[in-house]
Amino acid sequence: MNLATHLAEMARNNAWSNRRLHAACARLGQDELEARRVSFFPTLQATLNHILVVDAFYLDGLEAGGRGLATLANEIPFPRMAELGAAQRESDARLVRFCESLDPAGLGREVTLDRGDEGLTRESVSAVLAHLFVHQIHHRGQAHAMLAGTRVPPPQLDEFFLEYDRPRRASEL
C-alpha cells in the first residue's frame with residue numbers, strides 16, 4: 001500500500017470514528033455535553049467543537065481556501081450535538097474526498113498555513129495530513145475518556161483496519 005492509499009484509509013477511519021463517537025454523545029442531554037470534566041478542554045461540547053474547528057483550519061490550508069485563521073474564530077460554532085454532528089460529517093466527507101484524490105506526487109505539494117503572530121509556515125500535504133489525523137485521535141481519546149464518566153458507554157473506536165474487523169464496521173460505512 002502506498003502512502004496516498006494509506007492516508008485515504010486514515011480519512012475513512014477518521015470519519016467512521018467520529019460517527020461512532022458522535023452517535024454516543026448524541027445520547028447525552030445538553031447539560032451533560034456542557035458539564036465540566038477533567039480534560040484539556042473542560043467539556044465534551046468544547047472538545048468535539050475543537051476537533052471540527054481545527055479540521056476546518058487544516059482543510060482550508062490543504063484546499064488553499066484562503067480563510068486561514070478565520071476558521072478558528074469561533075471556538076464553539078455548534079453548541080448542539082445535532083448540528084455539530086452534521087457539520088463534522090460534512091468535514092469528514094471533505095477530508096475523505098481530498099485524500100482519495102491524492103496521488104503519490106501530490107503528497108509533497110507545499111501547503112501554506114497562517115500561524116498568526118508566528119507568520120506563515122509551509123508544510124507538505126503528507127505532513128499536514130499526518131498531523132491532522134494525530135490531532136483527531138488525540139482529542140477523540142479525550143472525549144472518549146470524558147464520555148466514560150457519563151451514563152453513556154464510550155464506543156469501540158479501534159475496529160477498522162484489520163480484515164478481521166470488517167464485519168463489525170460493514171453496516172456503518
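The coordinates are above.
The structure contained in this document is the topic of the report that follows.

Cut-off values and rules
Residues numbered from 1 in each chain as written. Predicted model: local features only at pLDDT ≥ 70, side-chain atom pairs only at ≥ 80, totals over all residues. Heavy atoms only, no water. Phe/Tyr/Trp six-rings, centres within 6.5 Å; stacked < 30°, edge-to-face > 60°. Buried < 20%, exposed > 50% of the residue type's maximum accessible area, 1.4 Å probe, protein only. Core = buried A, V, L, I, M, F, W, Y, C linked by side-chain atoms within 4.5 Å. Helix = DSSP H or I, 4+ residues; strand = E, 2+ residues; numbered from the N terminus. Contact = heavy atoms within 4.5 Å. Axes fitted to C-alpha atoms, helices over the stretch in contact; angles between N-to-C directions. Parallel < 35°, antiparallel > 145°, perpendicular 65-115°, else oblique. Salt bridge = Lys/Arg side-chain N within 4 Å of Asp/Glu carboxyl O.

What about the packing of aromatic side chains?
To describe a pair of aromatic rings, one takes the distance between the centres and the angle between the planes.
Point 1. Per the counting criterion, the structure on display carries two aromatic pairs.
Point 2. Aromatic side chains Phe40 and Phe41 sit 5.0 Å apart centroid to centroid with 75 degrees between the ring planes, which places their arrangement in the edge-to-face category.
Point 3. Take Phe40: its relative accessible area is 63%, and that puts it in the exposed class.

Looking at the nonpolar core
Point 1. Of all hydrophobic cores here, the largest spans 24 residues; its most connected members are Leu95, Cys99, Leu129 and Phe133.
Point 2. Sorting the residues of this core by element identifies α1 (3-25), α3 (44-62), α4 (81-100), β1 (110-114) and α5 (125-147) as the ones contributing at least two each.
Point 3. Ignoring anything within four residues of it in the chain, the contact list for Cys99 reads Ala4, Leu7, Ala8, Ala11, Leu129 and Phe133.
Point 4. Grouped together as the second largest cluster of nonpolar side chains are 16 residues, Ala24, Leu52, Ala87 and Ala143 included.

With respect to the environment of Phe78
Point 1. With respect to the helices and strands, Phe78 occurs in the loop between α3 and α4.
Point 2. By relative accessible area, which is 27% here, Phe78 ends up partly exposed.
Point 3. Taking the C-alpha atoms as reference, Phe78 lies 23 Å from Leu157; in sequence the two are 79 residues apart.
Point 4. Apart from the residues within four sequence positions on either side, Phe78 is in contact with Asn49, Leu52, Glu83, Leu84 and Ala87.

Here's the deal with the packing of α1 against α4
Point 1. Their axes nearest at 8 Å, the elements α1 and α4 cross at an angle of 170 degrees. Taken together, α1 and α4 sit at an angle that is classed as roughly antiparallel. Together, Ala4, Leu7, Ala8, Ala11, Arg12, Asn14, Ala15, Asn18, Arg19, His22 and Cys25 of α1 and Met81, Leu84, Gly85, Gln88, Arg89, Asp92, Leu95, Val96, Cys99 and Glu100 of α4 make up the contact between the two elements.

As for the side chain of Thr43
Point 1. Within the fold, Thr43 resides in the loop between α2 (30-33) and α3.
Point 2. Look at Thr43 and you get buried, because its relative accessible area is 8%.
Point 3. With sequence-adjacent residues up to four places away left out, Thr43 is seen in contact with Leu33, Glu34, Ala35, Arg36 and Met146.

As for the pattern of salt bridges
Point 1. One pass over the full model with this rule turns up five salt bridges.
Point 2. For Glu100, the salt bridge is made with Arg12, and the minimal N-O distance between the two is 2.6 Å. Taken together, the residues Glu100 in helix α4 and Arg12 in helix α1 connect sequence positions 88 residues apart.
Point 3. With a relative accessible area of 45%, Glu100 lands in the partly exposed category.
Point 4. Judged by relative accessible area, which is 25%, Arg12 ranks as partly exposed.
Point 5. A salt bridge links Arg122 to Glu110, with the nearest nitrogen and oxygen atoms 3.6 Å apart. Taken together, the residues span a long stretch of sequence, with Arg122 in strand β2 (residues 120-124) and Glu110 in strand β1 at a distance of twelve residues.
Point 6. Among the charged side chains, a network of salt bridges with common partners joins Glu9, Arg12 and Glu100.

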